[in-house]
2 protein chains.
Amino acid sequence: METITIKDIAKALNLSTSTVSRALRNSYEINPETKKLVMEYAERMNYRPNPIALSLKDSKSKSIGVIIPEIANHFFSQLINGIESIAYNLGYHVVIFQSHDSYEREVANTNYLVSRRVDGLLVSLASLTTNLIHFQELMEKGLPIVFLDRVPNDIETHKVVADNFRGSYEATEHLILSGRKRIAHLTSPIYLSITTERLAGYKKALEDYGIPFDESYVKYCLYGGKIKAENEAAIEEMLNLPEPPDAIFTASDRLTTGCMAVFQRKGIRVPDEIAIVGFTNISVADLLNPPLTTVMQPAMEMGQQAVELLIRLIEHPQKDEKFETRSLKTALTIRASSVGKTVV
Amino acid sequence: METITIKDIAKALNLSTSTVSRALRNSYEINPETKKLVMEYAERMNYRPNPIALSLKDSKSKSIGVIIPEIANHFFSQLINGIESIAYNLGYHVVIFQSHDSYEREVANTNYLVSRRVDGLLVSLASLTTNLIHFQELMEKGLPIVFLDRVPNDIETHKVVADNFRGSYEATEHLILSGRKRIAHLTSPIYLSITTERLAGYKKALEDYGIPFDESYVKYCLYGGKIKAENEAAIEEMLNLPEPPDAIFTASDRLTTGCMAVFQRKGIRVPDEIAIVGFTNISVADLLNPPLTTVMQPAMEMGQQAVELLIRLIEHPQKDEKFETRSLKTALTIRASSVGKTVV
DNA sequence: GTGAAAGCGCTAACAA
DNA sequence: TTGTTAGCGCTTTCAC
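Conventions and cut-offs
Residues numbered from 1 in each chain as written. Chains lettered and ligands numbered in written order. Predicted model: local features only at pLDDT ≥ 70, side-chain atom pairs only at ≥ 80, totals over all residues. Heavy atoms only, no water. Helix = DSSP H or I, 4+ residues; strand = E, 2+ residues; numbered from the N terminus. Rg over C-alpha atoms; globule rule 2.2 N^0.38 Å. Contact = heavy atoms within 4.5 Å. Areas by Shrake-Rupley, 256 points an atom, 1.4 Å probe, with all protein chains shown as cover. Salt bridge = Lys/Arg side-chain N within 4 Å of Asp/Glu carboxyl O. Buried < 20%, exposed > 50% of the residue type's maximum accessible area, 1.4 Å probe, protein only. Core = buried A, V, L, I, M, F, W, Y, C linked by side-chain atoms within 4.5 Å. Pairing = 2+ DSSP bridges. Axes fitted to C-alpha atoms, helices over the stretch in contact; angles between N-to-C directions. Patch = residues over 30% accessible without salt bridge, like charges linked within 9 Å, V, L, I, M, F, W, Y side chains within 5 Å. Near = heavy atom within 4 Å. Polar contact = N/O pair within 3.5 Å; in protein donor to acceptor, adjacent residues only side chain to side chain. Nonpolar A, V, L, I, M, F, W, Y, C, P; charged D, E, K, R; others polar. Arc of directions from axis to C-beta.

A. Quick look at the overall build of chain A. The number of helices and strands found in chain A is twelve helices and twelve strands. Relative to the 2.2 N^0.38 estimate, which gives 20 Å for 344 residues, the radius of gyration of chain A is 26 Å and therefore markedly larger than a compact globule would have. Summarising its shape, the C-alpha atoms of chain A cover approximately 90 × 40 × 30 Å along the three principal directions. For chain A, contacts bridging at least 24 residues in sequence account for 72% of all contacts bridging at least 6. Here chain A displays about 15,200 Å² of accessible surface, and carbon together with sulfur accounts for 52% of that area.

Next comes the structure, spelled out in structure tokens:
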């Protein structure tokens, strides 16, 4: 790869590298003629500065690292699109890593990105992460980090989340108002922020409508629906309760489609036998059988806001920064999967 | 970010940086005692070599660049998973960029990745790319590139594709055998390899079964279904033909779901009025209404094979390398969207 | 067995 | 206005 360097230009033009460097950066101290000479030559030779050299020099890279649980997921891929659209315009590159919900991989990815000198980190926690020191240490060292979606409670920084409480409340309320009495909740591991927030919204709605909360109607899936058997077992358990639920509110993409698959396989009619509302950004909710009532998160916008906050943090580091947690509205779209009374 | 360097270790241990460097790389010429001393200290201080410095030194980065049209797409996100799984195990990092099917962004991404010194490139062409010199130049300079899925005809290198011809043939054949007479084909821009291959399979099946090929039954969507109106217009045109099709074979994820959405909106009954088979890796084909007959590509495996080929190319550069094009089998899964005779 | 020095590409403090 | 030099972190000749 014989790429051209500043040195080559200097040699060709009989100048010093520093002169060339300054000319290229359009420094005021360089003679306009020299500048022109250098710039034209550089242009002609298709000179591109070596970002690695730059990074080595000042430990900056004009790139930000993104660590998310997985890419093959509507919510996260939309998130990425939001992040990229803004980052790109602001001159930053985005490096994406998947934790696959593993703590070890999250740590490994973090270390790698840091060693690669990313200027900041955008993180949605792995579901199996409970220990946060790898992030805390970095923040103490001054690395800007913004969390989104799955955020930690005990780290002080900018955070961008969906209004999970409200979204969950509305979903549950909708089921109640549609006449459902025994509403189950299928959700992610309990130590995720999204889990507790969604659970709280669910509980509050039940409470507000005078429906007693029943612990046996809530199932936590450690692998968030990625392991079919786990999903299936949880649903099975619910259906075998003395009083099986007549509605289910699922807390994520995977849990929702997994749940519908189970119903289909078992020949359980939706919404006749059981209604379902999913907290999901699946793009084909309309086309499902039956069309799926969803709580959609503004994924794209969440990504955009998070990256804006991060870049602000990167470019204007302030010790006394007021950190904010932005909570964006979700959107309940009612479709056939949750309306229609159970046939008794 | 006060990360520890070799210099720090040298100073602390009263050694030279070269000794420390050699000790860390377990060089034979270093005294075992010194080695132990250095290694233990490094371990204790949590020393991590700076990959940027290494990259600068020998223009290698142990990372590979991936350029794909988009992430928010089942096929491509599975592809990425395949790539990452292998790359990770072989000690390579994966940097992903989206071209969003724009030629300019593809070029920009390529340039950036090269300047970042990726050791090789994995590319699925943007649908609007016709000019390939940006890749050709790099290959001439010795940068290994492997193409997958959307591959160029006129570049000699490893390629990994699905057996588009066969997949397409089988889909069309299936529709014919189900009694369909007027089979339309909704597809991507004509200058993509996948388009011509799929078109060829479609034509061959028609031919083999004695059905005349009718150009007006084929529509090319320049934006591959990402622009709703385009999609809709194409379908509209078909439906308004004197003899509208009784089946449609769609060539991609987006085109397929877009098509189903149009049918739903217009109240066109599938498969009664029109059958549909999609070339798609959508994960919820089973849950759609009606369940969708699909030709699935082995996306994960395609990613794995491509990255294997690429890494082989990187680690054993051979001038006289025999390049291979691997063609992986697709899988036709028949569901309700294509079976059942049109109600006359 | 260990150290000094050069170099990867670039910038910036200091000289001229 | 331009050049010299040092340094970012690391490896690698070449000396000792």
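B. Seen up close, the pattern of salt bridges. Across all of its chains, the model carries 34 salt bridges over all chains by this definition. Between B:D286 and B:R335 there is a salt bridge; the shortest N-O distance is 3.0 Å. Here B:R335 lies in the segment after β12 (331–333) and B:D286 lies in the loop between β9 (275–279) and β10 (293–296), a separation of 49 residues in the sequence. Where B:E324 meets B:R312, a salt bridge forms, and the shortest distance between an N and an O atom there is 3.8 Å. You can see B:E324 sitting in the loop between α12 (299–315) and β11 (325–328) and its partner B:R312 sitting in helix α12, a full twelve residues away along the chain. Under the relative-accessibility criterion, B:E324 is labelled partly exposed at 28%. Taking relative accessible area as the criterion, B:R312 reaches 37% and is therefore assigned partly exposed. Three or more residues joined by partner-sharing salt bridges are found here, namely A:D101, A:D149, A:R150 and A:K226.

C. Fine view of the nonpolar core. Counting residues in hydrophobic clusters, the biggest one holds 82 residues, and the most contacted among them are A:L186, A:I248, A:F263, A:L288, B:L186, B:I248 and B:F263. The next biggest cluster of nonpolar side chains, apart from the first, holds 58 residues, and it includes A:Y92, B:L79, B:V94 and B:V146.

D. Inspection of the sheet that holds β12(B) at higher detail. All names here are of chain B. Spatially, β7-β6-β8-β9-β10-β12 is the arrangement adopted by the six strands of the open sheet, whose pairing is mixed. Edge positions in the open sheet fall to β7 (218–220) and β12, since each of these has one partner strand only. Ignoring strand direction, the axes of neighbouring strands in this sheet form an average angle of 15°. When β9 meets β10, the two strands line up parallel, connected through three bridges. By the bridge assignment, G278 is partnered in β10 with T294. Contacts from helix α9 (residues 193–208) reach β6 (183–187), β7, β8 (247–250) and β9 within the one sheet, and its direction differs from that of β6 by about 175°. Running at roughly 165° to β6, helix α10 (residues 228–239) makes contact with β6, β7 and β8 of the sheet.

E. A nonpolar patch on the surface, seen in detail. All names here are of chain A. A cluster of nonpolar side chains, namely L128, I190, Y191, Y220, L222, Y223 and I227, defines an oily patch on the protein surface of about 580 Å² accessible area. With respect to the helices and strands, Y191 occurs in the loop between β6 (183–187) and α9 (193–208). Relative accessible area serves as the criterion here: at 42%, Y191 is assigned to the partly exposed category.

F. Expanded view of the protein's contact with DNA strand C. Surveying the vicinity of DNA strand C reveals 25 residues, the closest of which are A:I6, A:S21, A:Y47, B:T19 and B:K57. Of all DNA strand C atoms lying within 4 Å of any protein atom, the proportion belonging to sugar or phosphate reaches 66%. Take A:I6: an N or O atom from its main chain is 2.6 Å from a phosphate oxygen of DNA strand C. With respect to DNA strand C, the backbone of A:N50 contributes an N or O atom lying 3.2 Å from a phosphate oxygen. Listing elements by their share of the surface near DNA strand C, those giving two or more residues are α1 (6–13), α2 (17–24) and α4 (51–58) of chain A together with α2 (17–24) and α4 (51–58) of chain B. Counted by class, the surface near DNA strand C contains eight nonpolar, ten polar and seven charged residues.

G. Region of interest: the pairing of strand β5 (residues 159–162) of chain B. Residues and elements named next belong to chain B. Side chains of β5 alternate between two faces, with K159 and V161 and V160 and A162 buried alike. In this structure, strand β4 (residues 145–148) lies alongside β5, joined through two bridges in parallel fashion. From the neighbouring strand, L148 faces β5, where its bridge partner is V160. Taken together, the four bridges between β5 and β11 define a ladder with parallel strand orientation. Its bridge partner being in β11, V160 is matched across the sheet by R326.

H. Representation of α1(A). Residue and element names in this part refer to chain A. Among the residues of α1, those classed as buried are I9, A10 and L13. On an axial view of α1, the arc spanned by its buried residues comes to 100°, and they lie on one face. Relative to its buried face, α1 has exposed residues pointing more than 90 degrees away, namely K7 and K11. The positive-phi residue at the C-terminal boundary of α1 is N14, with phi of around 60°.

These figures capture arrangement, not role.
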